[in-house]
Amino acid sequence: MLERKLELCFILAVVSMLLMTLFIYSPGMGGPFVFDDAQNLEPLGSSGGVDSLDDAQRFIFGNESGPTGRPVSMASFLLDDSSWPAASSASFKKTNLALHLVTGLMVFLVAFRVILYLFPDRNVHALSVGFVTMAFWLVHPLNTSTVLYVVQRMAILSALFSLASMYLYFCFRGKAVSREVPRYFLLLLSLVLLVLGFFSKENALLVVVFILGFEIYLRKERLQMGGRSKYLLLLLTASAFIYIIFETYEIWGRSYQNREFDISDRLISQLVAIGEYLRKIIFPQASHINLFRGEFENYPTVPFDSMVWLNGVFSMLLFFCLGFLSFSKKSPHKSAIWLGFFWFISFHLIESTILPLELYFEHRNYLPSVGIILCVAFLLSVAKIPQYMKVFVAASVIIFCSFQTFYLAKTWGTPDQLFLKWEMDEPKSVRAKVSYAHFLYSKGFPENSVEFIEDAMVYAPNSMMLKFHYLFYSCVPETKVSHKSALDKFKEDSIFDLGVSIMLSQFLDKLLNKEFPGCSEDNINVVEIFDYVESSKNFGYHKNHTVQYYDLKSDYYVKKGNLNGAVTALDKAISLAPQNHALYVKSADILASAGLYSLAVKRLKKSLSVDMKGWKKFNSRTQEIKSRINAFERQEARL
């Protein structure tokens with residue numbers, strides 16, 4: 001009877017925590033799309049919306065985030081909207097929040113299962129630690145930028161499937177298997193969930209690393225290994241891992257030539273970044289939680305503040321010392337600490353080590369932070385203080401985190417507060433300044449917007465994207481920026497960064513539609529700007545963005561009546577994306593408009609062959625292409 005009451009109490013507590021989290025995040029549901037949201041969701045409207053199976057296939061398999069394209073995550077966005085621009089971000093964010101709640105439930109189950117393995121006869125203790133871990137994690141302010149940043153659905157789904165896979169694996173290896181459920185069915189289902197996690201975001205693959213460490217360290221008695229054998233196996237595993245890294249450097253290391261840092265710079269910066277993450281997990285402050293981190297955006301151009309270095313390095317040294325001590329002498333209590341340490345490190349191995357990714361993002365801690373929070377919850381549970389004090393401390397931390405997260409969610413739901421907070425909290429962040437400049441411009445303050453673009457150019461003077469922003473504002477009379485000074489900046493060394501195509505598109509639309517009161521093609525030489533773009537550093541490296549650029553260039557030449565220039569631009573785009581049959585169709589239409597029907601038919605036949613043998617990454621238009629071939633052949637016959 002007592003056990004039944006305890007179970008009901010825990011169920012009620014879990015449900016209450018989920019409802020409280022729902023309430024805390026509710027103010028952020030009406031916030032804006034930010035940063036990479038448009039880039040990833042814009043294909044929803046590229047063909048007039050997703051209203052057929054072919055459209056859905058194009059959208060799901062057409063993304064270029066990561067090596068897999070993350071189709072599971074992309075498919076989930078179709079639950080929220082099928083067109084772009086979306087009427088509101090609310091439906092996307094509500095789905096994110098719902099998935100966050102389910103992920104929190106999985107955090108509870110996995111933490112419970114892990115602690116129960118270490119202390120098999122202490123079921124209530126395991127439930128308590130699992131609940132506190134879940135509660136801390138659900139309302140931790142560091143997760144705000146993951147839940148309310150729409151495209152971080154990828155991180156949420158990857159974490160959800162990873163945790164579910166781990167839970168089933170622990171059930172498979174433990175004693176939680178009923179006779180009605182075959183043990184190896186759980187293992188198979190665990191692998192299926194791992195694959196779904198991998199195709200949500202590649203970090204899910206690190207579940208394998210964590211489970212390997214779990215088996216080696218916590219289950220050595222079942223592997224019949226002595227202490228030396230355990231260390232030997234760890235050494236061999238690490239050696240194999242390092243060997244694979246060196247052998248594949250030509251594949252993953254190539255991207256360093258397009259970064260402002262090399263591998264040694266990145267490793268040093270990640271030492272500081274990991275320390276920063278730890279500090280924010282253990283001592284969360286809303287004023288320090290931000291989508292951007294200026295000192296990591298332009299490394300090594302912007303030197304780290306001494307306190308950033310000191311905090312980061314000290315946190316890392318302390319963390320590794322605790323991890324080493326818990327690893328060197330095994331006991332159930334030290335095993336729990338080591339497990340949290342290894343969890344955090346394992347799930348940072350892809351994004352926070354040697355790969356040439358951007359240096360810093362808070363959402364990278366969405367799953368790794370569970371390990372640190374599990375440690376904290378466990379240490380509180382075994383602290384030699386009265387039970388009521390433990391409850392008081394846990395409740396105080398949960399309430400503190402809840403207020404912090406509620407404040408951040410409210411800020412996310414109010415754009416003027418959100419963009420201002422980002423810029424004020426991170427004065428060295430180029431992205432924060434650009435975001436705030438965009439917001440000010442949308443509110444009718446272009447003269448203030450340009451000030452923030454000029455501030456941003458101090459930290460990233462070679463950014464082609466910023467130069468387009470500056471040119472854009474030179475066409476707005478209120479800014480009093482001269483066209484000559486804006487155009488002169490293009491003559492300096494430039495880097496083709498990811499925002500160039502978007503800014504060029506906006507600029508050309510306004511220029512050609514004569515929406516700029518201070519600019520026209522009389523004082524802006526667009527062809528000269530094209531030359532500057534194509535001579536910039538890194539041009540052509542980001543294939544998807546380069547294809548977008550050539551597509552824009554082709555559209556411009558069509559509007560100017562230069563069909564040869566338009567076809568030439570499309571040919572360059574096709575050379576970069578030969579599987580995109582839409583480019584062939586567009587080129588054929590241009591040729592047909594000039595009466596070159598035979599050449600148009602050749603392009604369409606090439607497009608048809610690409611479409612029919614492709615794997616449906618792009619929207620199938622087989623019937624439409626065949627119809628056009630027939631129409632163009634008839635036109636050719638009449639000539």
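What should I look at first to understand the overall build of the chain in this one?
Regarding its fold elements, the chain presents 30 helices and 0 strands. Taken over 639 residues, the chain has a buried fraction of 52%. Sequence-distant contacts, at least 24 apart, represent 73% of the contacts inside the chain between residues at least 6 apart. Of the roughly 29,300 Å² of accessible surface on the chain, 63% is carried by carbon and sulfur atoms.

Quick question: what am I supposed to make of the packing of aromatic side chains here?
Each aromatic ring pair is described using two quantities: the centre-to-centre distance and the angle formed by the ring planes. The tally for this structure, following the rule as stated, stands at 41 aromatic pairs. When the ring of Phe-507 is compared with that of Phe-516, the centres are 5.6 Å apart and the planes differ by 40 degrees; the resulting orientation is tilted. The pair formed by Phe-507 and Phe-516 is uniform in burial state, with each residue classed as buried. Measuring from centroid to centroid gives 5.8 Å for Phe-539 and Tyr-550, while their planes differ by 80 degrees, and the two rings are edge-to-face. Placement of the pair is Phe-539 in the loop between α25 (526–534) and α26 (543–559) and Tyr-550 in helix α26, with a sequence separation of 11 residues. For the pair Phe-539 and Tyr-550, one class covers both residues: buried. Every member of this aromatic cluster is reached through a ring pair, and the members are Phe-35, Tyr-149, Phe-292, Phe-361, Trp-412, Phe-419, Trp-422, Tyr-436, Phe-439 and Phe-452. The ring of Tyr-470 carries the charged tip of Lys-489 above its face, separated from the ring centre by 5.3 Å.

Would you explain helix α19 (residues 415–425) in this entry?
Because an α-helix packs 3.6 residues into every turn, residues spaced three or four apart end up facing the same way. Listing the buried residues of α19 in full gives Leu-418, Phe-419, Lys-421, Trp-422 and Glu-423. Looking at the buried positions of α19, the neighbouring elements they touch are α18 (387–412), α20 (430–442) and α21 (446–459).

What should I look at first to understand unusual backbone geometry in this one?
Of all residues except glycine, most have a negative phi; of all peptide bonds, most are trans. At Arg-70, a position not held by glycine, the phi torsion is positive, near 50 degrees. By the secondary structure assignment, Arg-70 is in the loop between α3 (53–61) and α4 (71–77). Among the residues examined, Arg-70 registers a relative accessible area of 14% and is labelled buried. Non-glycine residue Lys-480 carries a positive phi angle of around 60 degrees. A residue is classified by how much of its surface remains accessible, and Lys-480, at 77% relative accessible area, is exposed.

Any chance you could explain the side chain of Thr-144 here in plain terms?
Turning to its location among the elements, Thr-144 is positioned in helix α7 (residues 144–147). By relative accessible area, which is 1% here, Thr-144 ends up buried. In contact with Thr-144, not counting residues within four places along its chain, are Tyr-25, Tyr-149, Thr-405, Leu-408, Ala-409 and Trp-412.

Which parts of the structure should I look at to understand a negative patch on the surface?
Where like charges cluster on the molecular surface, the negative patch consists of Glu-447, Glu-451, Glu-454, Asp-455 and Glu-478. The residue Asp-455 is located in helix α21 in this model. Asp-455 sits in the partly exposed class, given a relative accessible area of 35%.

Even after reading the chapter, I still don't get the packing of helix α5 (residues 90–118) against helix α8 (residues 153–173), so can you show me in this structure?
The geometry of a pair of packed helices is captured by two quantities: the angle between their axes and the separation between those axes. Interaxial distance between α5 and α8 falls to 9 Å at its minimum, and their mutual angle equals 25 degrees. Taken together, α5 and α8 sit at an angle that is classed as roughly parallel. Of the two elements, α5 crosses α8, and the hand of that crossing is left-handed. For the contact of α5 with α8, the class distribution of residues is 18 nonpolar, 4 polar and 2 charged.

Explain the layout of surface pockets to me, please; I cannot follow it from the model alone.
A water-sized probe, rolled over the atoms, reveals where empty space remains. Reported here for the second largest pocket is a volume of approximately 480 Å³. Lining the second largest pocket are 19 residues, with Ser-128, Val-129, Val-132, Gln-387 and Val-391 positioned closest to its centre. At the level of secondary structure, the elements contributing two or more residues to the lining of the second largest pocket comprise α1 (2–25), α6 (123–138), α17 (368–382) and α18.

Explain the pattern of salt bridges to me, please; I cannot follow it from the model alone.
One side chain can pair with another of opposite charge once the charged atoms of both are near each other. Counting across every chain of the model gives 18 salt bridges. Where Glu-423 meets Lys-433, a salt bridge forms, and the shortest distance between an N and an O atom there is 2.8 Å. Taken as a pair, Glu-423 in helix α19 and Lys-433 in helix α20 lie far apart in primary sequence, 10 residues in all. On the basis of relative accessibility, which here comes to 11%, the residue Glu-423 falls in the buried class. A salt bridge links Lys-586 to Asp-551, with the shortest nitrogen-to-oxygen separation between them at 2.5 Å. Of the two residues, Lys-586 sits in helix α28 (residues 581–593) while Asp-551 sits in helix α26, which places them 35 residues apart along the sequence. Given a relative accessible area of 24%, Asp-551 falls into the partly exposed group. When salt bridges that share partners are traced, they join Glu-276, Arg-279, Arg-293 and Glu-426 into one network.

Would you mind going over the packing of helix α13 (residues 263–282) against α17 with me for this structure?
Two elements in contact, α13 and α17, have axes whose closest approach is 10 Å; the angle formed by their N-to-C orientations is 50 degrees. Considering their axes alone, α13 and α17 lie oblique with respect to each other. Crossing hand, α13 versus α17: right-handed. Residues Leu-278, Ile-281 and Ile-282 of α13 form the contact with α17, whose participating residues are Ser-369, Ile-372 and Ile-373. Residue composition of the contact of α13 with α17, by class: 5 nonpolar, 1 polar and no charged.

Before we go on, may I ask you to explain a nonpolar patch on the surface in this structure?
A cluster of nonpolar side chains, Leu-8, Ile-11, Val-15, Leu-19 and Leu-22, forms an exposed patch at the surface whose accessible area comes to about 450 Å². Relative to the helices and strands, Leu-19 is located in helix α1.

Please explain α6 as it appears in this structure.
Between its first and last C-alpha atoms α6 spans 22 Å; for 16 residues at 1.5 Å apiece the expected length is 22 Å, and the two agree. For α6, the tally of buried residues reaches 13 of 16 residues, placing the bulk of the element in the interior.

What am I meant to see in the environment of Tyr-167 here?
Tracing the chain through its elements places Tyr-167 in helix α8. Between the C-alpha atoms of Tyr-167 and Val-107, which are 60 residues apart in sequence, the distance is 9.1 Å. Residues contacting Tyr-167, with those up to four places away along its chain left out, are Met-106, Leu-109, Val-110 and Arg-113.

What am I meant to see in empty space enclosed by the protein here?
Scanning all chains against the criterion turns up 3 cavities of 30 Å³ or more. Forming the boundary of the largest cavity are 14 residues, of which Ala-155, Ser-158, Asn-203, Leu-367 and Pro-368 lie nearest the centre. Here the element with the most residues in the lining of the largest cavity is α8; it accounts for 4 residues. When grouped by side-chain class, the residues that make up the lining of the largest cavity number 7 nonpolar, 4 polar and 3 charged. Space inside the second largest cavity adds up to approximately 70 Å³. Lining the second largest cavity are Thr-144, Ser-145, Ile-289, Asn-290, Leu-291, Glu-362, Leu-408, Thr-411, Trp-412, Leu-418, Lys-421 and Trp-422. For the lining of the second largest cavity, the elements supplying multiple residues, two or more each, are α7, α18 and α19. Considered class by class, the residues forming the lining of the second largest cavity number 6 nonpolar, 4 polar and 2 charged.

What counts as what
Residues numbered from 1 in each chain as written. Predicted model: local features only at pLDDT ≥ 70, side-chain atom pairs only at ≥ 80, totals over all residues. Heavy atoms only, no water. Helix = DSSP H or I, 4+ residues; strand = E, 2+ residues; numbered from the N terminus. Buried < 20%, exposed > 50% of the residue type's maximum accessible area, 1.4 Å probe, protein only. Contact = heavy atoms within 4.5 Å. Areas by Shrake-Rupley, 256 points an atom, 1.4 Å probe, with all protein chains shown as cover. Phe/Tyr/Trp six-rings, centres within 6.5 Å; stacked < 30°, edge-to-face > 60°. Lys NZ or Arg CZ within 6 Å of the ring centre and 35° of its normal. Patch = residues over 30% accessible without salt bridge, like charges linked within 9 Å, V, L, I, M, F, W, Y side chains within 5 Å. Salt bridge = Lys/Arg side-chain N within 4 Å of Asp/Glu carboxyl O. Lys, Arg positive; Asp, Glu negative; His and termini not counted. Charge placed at Lys NZ, Arg CZ, Asp CG, Glu CD. Axes fitted to C-alpha atoms, helices over the stretch in contact; angles between N-to-C directions. Parallel < 35°, antiparallel > 145°, perpendicular 65-115°, else oblique. Left-handed = near helix turned anticlockwise from the far one by under 90°. Nonpolar A, V, L, I, M, F, W, Y, C, P; charged D, E, K, R; others polar. 1 Å grid on protein atoms, 1.4 Å probe; cavity = no way out; pocket = protein on both sides within 12 Å on 5 of 7 lines; lining within 4 Å. Points joined across faces, edges and corners; volume = space filled by probe spheres on them. Expected span 1.5 Å × (residues − 1).

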